[in-house]
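# Structural features, examined
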Amino acid sequence: MSEMEFTQDQILRYSRHILLPEVDVRGQRRLLSSSALVVGAGGLGSPALLYLAAAGVGRLGVADGDAVELSNLQRQIIHGTSDLGRSKVASAEEAIRDINPDCEVQAFAERLGADNIRQVVRGYDVVLDGSDNFPTRFLVADCCRFEGVPLVSAAVLRFEGQLMTVLPGQGNPCYRCFVPEPPPPGLVPSCRQAGVLGAVVGVMGTLQATEALKLLLGIGELLSERLLVYDALENGFRTAKRTPDPDCPLCGAAPRITDLVEYDVACAIEPQV
Ligand SMILES: [Zn+2]
């Protein structure tokens, strides 16, 4: 991509990036030739997609099987009232195209399962998980591990959010090193049950985009060995160390999980977003 010339419009569009020595023309070229898949065009996916599109990530995948509902609009800011009833990926795609014609959008309107997720994830430089249920969360995390794709995973409930980056390869703590199995149904309430402040989801989705952009640019320190926790009521950010678990069911010395596991969505709780 080093020969890629910027148009005058692109120089203006990305001028605030290009001014940053850590990004510069080279970094912007890198973003334009990179790709990111966002799983879930919901509360987390909305700001993440908007910022990745505005930043000029050249290929953006959007995966979501749902349609826009009225109760989504309190936090899922990529969709508007006129999008009610439309598929979320169609609505998101239209918004992204309007923000930045440099972004090629790949829309996946089907629900991700063990049968199709590997083909969807394969070939992306990074995956951002903003899904709203544990089965999808684990499916995405396991798939990223198997496919060797970095994962930026966020979760939100009530006034609190969590964020971590999972890099592929041995020696890096995987998602299951932190949460080995989905919690039993009913243990963790969902946003549907417990509520969530919309702006808190926006903070976490924006942090997710920031982390993904750092990863694509190869700058800064990633949350690959830490968990970031944001408490909106206390206005506090704290981090907790994450280390590889030798007994991890996915990446430990004797892994039990060697292929994708499809947990039952029907009897699972919907925890986040
Ligand atoms: Zn692990």
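Please refer to the structure higher up on the page.
What counts and what doesn't
- Residues numbered from 1 in each chain as written.
- Predicted model: local features only at pLDDT ≥ 70, side-chain atom pairs only at ≥ 80, totals over all residues.
- Axes fitted to C-alpha atoms, helices over the stretch in contact; angles between N-to-C directions.
- Helix = DSSP H or I, 4+ residues; strand = E, 2+ residues; numbered from the N terminus.
- Parallel < 35°, antiparallel > 145°, perpendicular 65-115°, else oblique.
- Left-handed = near helix turned anticlockwise from the far one by under 90°.
- Contact = placed C-beta atoms within 7 Å.
- Nonpolar A, V, L, I, M, F, W, Y, C, P; charged D, E, K, R; others polar.
- Expected span 1.5 Å × (residues − 1).
- Buried ≥ 20, exposed ≤ 12 C-beta atoms within 10 Å, placed from the backbone.
- Pairing = 2+ DSSP bridges.
- Core = buried A, V, L, I, M, F, W, Y, C linked by C-beta atoms within 7 Å.

Moving on, we get to the packing of helix H4 (residues 45–55) against helix H5 (residues 88–99). Look at H4 against H5: their axes get within 9 Å of each other, and the N-to-C directions meet at 30°. As far as their axial angle goes, H5 and H4 are roughly parallel. In this structure, H4 crosses over H5, and the sense of that crossing is right-handed. Here Leu49, Leu50, Ala53 and Ala54 of H4 lie close against H5, whose contacting residues are Ala92, Ile96 and Ile99. The residue makeup of the contact of H4 with H5, split by class, is 7 nonpolar, no polar and no charged.

Turning to H5, a few remarks are in order. If you check H5, its first and last C-alpha atoms are 17 Å apart, about what 12 residues at 1.5 Å a residue would give, namely 16 Å. Among all positions in H5, only Lys88, Val89, Ser91, Ala92, Glu93, Ala95 and Ile96 are buried. Considering only its buried residues, H5 is in contact with H4, strand E2 (59–63) and strand E3 (104–108).

Right, let's talk about the pairing of strand E7 (residues 226–231) for a bit. Residues in a regular strand project their side chains so that they alternate between the two faces of the sheet. Bridge count for strand E6 (residues 160–166) against E7 is 4 bridges, and the pairing is antiparallel. In the strand pairing of E7, glutamine 162 is matched with valine 229. Summarising the sheet, E7 and strand E8 (residues 236–241) pair through 6 bridges and their orientation is antiparallel. What sits directly across from valine 229, in E8, is arginine 238. Taken together, E7 and the strand that follows it, E8, pair antiparallel across an intervening segment of 4 residues, in which asparagine 235 is found at a positive phi of about 55°.

Leave glycine aside and you will find that most residues have negative phi; peptide bonds, for their part, are mostly trans. The phi dihedral of aspartate 24 falls on the positive side, at around 60°, and the residue is not glycine. Turning to its location among the elements, aspartate 24 is positioned in helix H3 (residues 24–32). On the basis of neighbour counts, which here come to 14 C-beta atoms within 10 Å, the residue aspartate 24 falls in the partly exposed class.

For the rest of this paragraph, the subject is the nonpolar core. The nonpolar side chains of soluble globular proteins are, as a tendency, buried together. With 69 residues, the main nonpolar core has Leu49 and Val127 as its most contacted residues. The contact partners of leucine 49, leaving out residues within four places of it in the chain, are Val38, Ala41, Leu60, Val62, Ile78, Ala92 and Ile96.

Our next topic: the sheet that holds E2. Pairing is mixed across the open sheet formed by 8 strands, whose spatial order is E3-E2-E1-E4-E5-E6-E7-E8. The strands lining the two open edges of the sheet, one partner per strand, are E3 and E8. Within this sheet the neighbouring strands show an average axis-to-axis angle of 15°, counted without direction. Direction of pairing for E2 relative to E3: parallel, over a ladder of 5 bridges. Counterpart to valine 62 in the pairing with E3 is alanine 107. Where H5 meets the sheet, its contacts fall on E2 and E3, and the angle it forms with E3 comes to roughly 175°.

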